[in-house]
Structure formats: structure tokens, C-alpha cells
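Architecture at a glance
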Number of protein chains: 2
Amino acid sequence: MLKSFIEKSMRIEHIGIAIQEATQAQTLFAKLMGVESYKSEEVVEQGVCTIFYALDNTKIELLQSLAPGSPIDKFIQKRGEGIHHIAFAVDDIRAEILRLKAQGFQFINEEPQRGADQKWICFLHPKSTHGVLVELCQDIK
Amino acid sequence: MLKSFIEKSMRIEHIGIAIQEATQAQTLFAKLMGVESYKSEEVVEQGVCTIFYALDNTKIELLQSLAPGSPIDKFIQKRGEGIHHIAFAVDDIRAEILRLKAQGFQFINEEPQRGADQKWICFLHPKSTHGVLVELCQDIK
């Protein structure tokens, strides 16, 4: 029945991890996963510096705050370092927002914003997803 | 250099999500991801009921506590519902434990235990991984 909405299963594009300070964390996650990060990118509008690792089947994104009061800074102040969000890859982010809104899901931002790694992104509100911060992301062509 | 330790990149076997009560959450995540769960399994030794979804490139595991004082119950009491752990698939869990211990990582349990979905599992301590609870899991052949 649900298959009528989505033709194929969703794909985890990446998992986001909030970290306090990138230098030591970047090395530690490389040791943990046995692979060096392949790029680092600042997203000034989101107040964040991102570091990406390519795994066999998905990516890991480390997130370091660039400024006090940024979303990552607030997250770490409240909860400490740790897993921050799960990002699903979608082909058409606006269609997916409409589909999920019709199902009762709430969004932090309904208007897609430019994120790291050449993506349009938006976030569902964790209060509508059992505390899980869910990102949707679509490649910017 | 790190490639000398691991011949291929690691693979995310699943992402674990702690939930308070399974019935409503099971339906909600099916709506979110457009796929029904494919199985539910109790792991009495861990005090947990698990619900699995197969996505395009990995799995999602919902975790509901079966008893007060279980690890999932404690997690929810402290942090609320949300993302609980990231699980990496490994071919030889004991070799991987030795590799990571030599790198300075700490474990919650160094002796693999039987987990859900026919796996040997062990957990690294989040204090050695920037607050991320990391599971290693190996198929029980």
C-alpha cells in the first residue's frame, strides 16, 4: 500500500555527527572507520563546517559549529556531542515535502535551503519523528 | 596508510532508534520511509524488542525497552527518544575489537554477545567516540 507513494526504498545519503572540535575528531573517525575523510566544506549560512567520509554504502558527515548560537552549537550545549541527524536522499525534495506533510509530518523548514555537498536540504521536526532529526536532501544539478 | 588495516570501507549495517512504544512508531516510520517493517524480534537478554526496516542501502532498527532499567529504558529516561546507535558490519568481530583497542578505543563489552537478527554484537563506549554509540556486528553463520 505504501509502495504506491514511493516506487523504491529510500536511501540513507549520510549520517550527521555533531562534534566540538574537528581536528582530533577527524583523525579519530578515520581510525574508527579505516578511511580518511574526502572533503571538508563550510556552510556559512548554517554556521557549520562539515567533514565527509565515504563508506561502502553511505557517508558520515562530521559537523562542527562555526559560531555560538548555531544549530550545532545549540545541539551540543543541550545534548553533548553525538549523532545529530539521518539524511535521506530524494529525487524531488518538494514532492517529498508535500507527501510527508500530507501524512502529518512537521518540518523545521519547508523551503529547501542550500546545504553542504551540493544539496538542497530541509529538516523534519524531531517532535513528529520520535526525537529523530531527519534531513531530506536532493542533488543540485 | 589506514588502508593497511582495512582492505575495504566499512559498511553501516543499520541505524538504531530508541522509541517509547512500538505500535504507533512502527506505523510512523513506515510512512516516513515508504516501506513496511520486515520483522520484529525480541532479544530478552538485552531487554529489548527490535523492529527492522530494509532501506535501499542499509537498515533501520527501532528499539523498544521490554523492562524498566534496560539499556534502552535508561537511554530514553536520560535523553528521550531518538537515534541510539550506528552499527558497522564486520567480517571478524574479534579481530576488529583488537584493531580498535590497539587504536585506543574503549568498549562497553569486549566479549561479543548475541544480538538481534542473527548477529554477534559489541558496543564501543561513547566516551571514546565523541558521544556516538557504535556497535560492531558480525553475522552468526
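One structure accompanies this document, and this report is about it. (Residues numbered from 1 in each chain as written. Chains lettered and ligands numbered in written order. Predicted model: local features only at pLDDT ≥ 70, side-chain atom pairs only at ≥ 80, totals over all residues. Heavy atoms only, no water.)

1. Examining the relation of the copies chain B and chain A
By a simple turn and slide, chain B fits onto chain A: the slide is 0.0 Å along the axis, the RMSD is 0.0 Å, and the turn is 180°. What we have between these two chains is a two-fold relation. Of every C-alpha in chain B, the one belonging to N57 of chain B sits nearest the axis of rotation, 3.0 Å from it. Most of the interface of chain B is mirrored in chain A, where 100% of its interface residues again form contacts. (Least-squares fit on C-alpha atoms with pLDDT ≥ 70 in both. Contact = heavy atoms within 4.5 Å.)

2. Quick look at the nonpolar core
Counting residues in each nonpolar core, the largest one holds 64 residues, and the members touching the most others are F29 and L136 of chain A together with F29 and L136 of chain B. When residues no more than four places from it in sequence are discounted, the contact partners of L136 of chain A are M10, F88, V90, I93, E96, I97, L100, F107, W120, I121, C122 and L124 of chain A. (Core = buried A, V, L, I, M, F, W, Y, C linked by side-chain atoms within 4.5 Å. Buried < 20%, exposed > 50% of the residue type's maximum accessible area, 1.4 Å probe, protein only.)

3. Side note on the pairing of strand β4 (residues 59-65) of chain B
Residue and element names in this part refer to chain B. Within β4, seven of the seven residues are buried, leaving the element largely enclosed by the surrounding structure. In this sheet, β4 lies alongside strand β1 (residues 11-19) in parallel orientation, the contact comprising six bridges. Bridge pairing in β4 links G16 to E61. Counted along the chain from strand β3 (residues 48-54) to the antiparallel partner β4, the turn is four residues long. (Helix = DSSP H or I, 4+ residues; strand = E, 2+ residues; numbered from the N terminus. Pairing = 2+ DSSP bridges.)

4. Some remarks on helix α1 (residues 22-33) of chain B
Between the first and last C-alpha of α1 of chain B there are 16 Å, a value that for 12 residues agrees with the 16 Å anticipated at 1.5 Å per step. Among the residues of α1 of chain B, A22, A25, L28, F29, A30, L32 and M33 of chain B are the ones counted as buried. Tucked inside the fold, the buried residues of α1 of chain B contact β5 (82-89), α3 (93-102) and β8 (134-139) of chain A together with β1, β3 and β4 of chain B. At the C-terminal side of α1 of chain B, G34 of chain B shows a positive phi close to 70°. (Expected span 1.5 Å × (residues − 1).)

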